[in-house]
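Take a look at the letters that make up each chain.
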Amino acid sequence: MFVMELTYTAPIEAVEEEMDAHIAWLDGYYAAGIFLASGRKVPRDGGMILAGGVSRAEIERIAAQDPFVLAGVCAYRVTEFIATKTSADLSTVRENPAV
């Protein structure tokens, strides 16, 4: 599973100009079952996406295609973790690694 942290690198007005394209991009990955949750950080200096079901290379490719990245208004920090315990709603992304 991945935590994708977005940090805005441009004024919020520039971010807002790309918001519709960013939301369409998000919707596509929600429909594909890759994105599980997303939203703005508080204070509003970026956002967070929780994702799963793909490789590290694939999540890096997905992040690079974000319209925010293509417009140069954000940068990503991707953290991978093993979700060994989840809510029932997230049981499909739960992992049980060999010890």
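Residues numbered from 1 in each chain as written. Predicted model: local features only at pLDDT ≥ 70, side-chain atom pairs only at ≥ 80, totals over all residues. Heavy atoms only, no water.

1. Description of the pairing of strand β1 (residues 2-8)
The test is simple: Here the term buried applies to any residue with accessible area under 20% of the maximum for its type, exposed to any over 50%, and partly exposed to those in between, with areas from a 1.4 Å probe on protein chains only. Runs of H or I in DSSP of at least four residues are treated as helices and runs of E of at least two as strands, each being numbered from the N terminus. In short, DSSP must find at least two bridges between two strands for them to pair.
Alternating residues of β1 divide into F2, M4, L6 and Y8, all buried, and V3, E5 and T7, none buried. Across 6 bridges, β1 lies against strand β3 (residues 46-51) in antiparallel orientation. Across the sheet, L6 pairs through a bridge with G47, a residue of β3.

2. Looking at the pattern of salt bridges
For clarity, the threshold we go by: Take a side-chain nitrogen of Lys or Arg and a carboxyl oxygen of Asp or Glu: if they are within 4 Å of each other, that pair is a salt bridge.
Under the criterion given, the structure shown has 6 salt bridges. A salt bridge links K41 to E5; the shortest N-O distance between them is 3.0 Å. Note that K41 is positioned in the loop between β2 (35-40) and β3 and E5 in strand β1, a separation of 36 residues in sequence. Using a relative accessible area of 21% as the deciding quantity, one classes E5 as partly exposed. It is possible to trace a salt-bridge network through shared partners that takes in E5, K41, D45 and R77.

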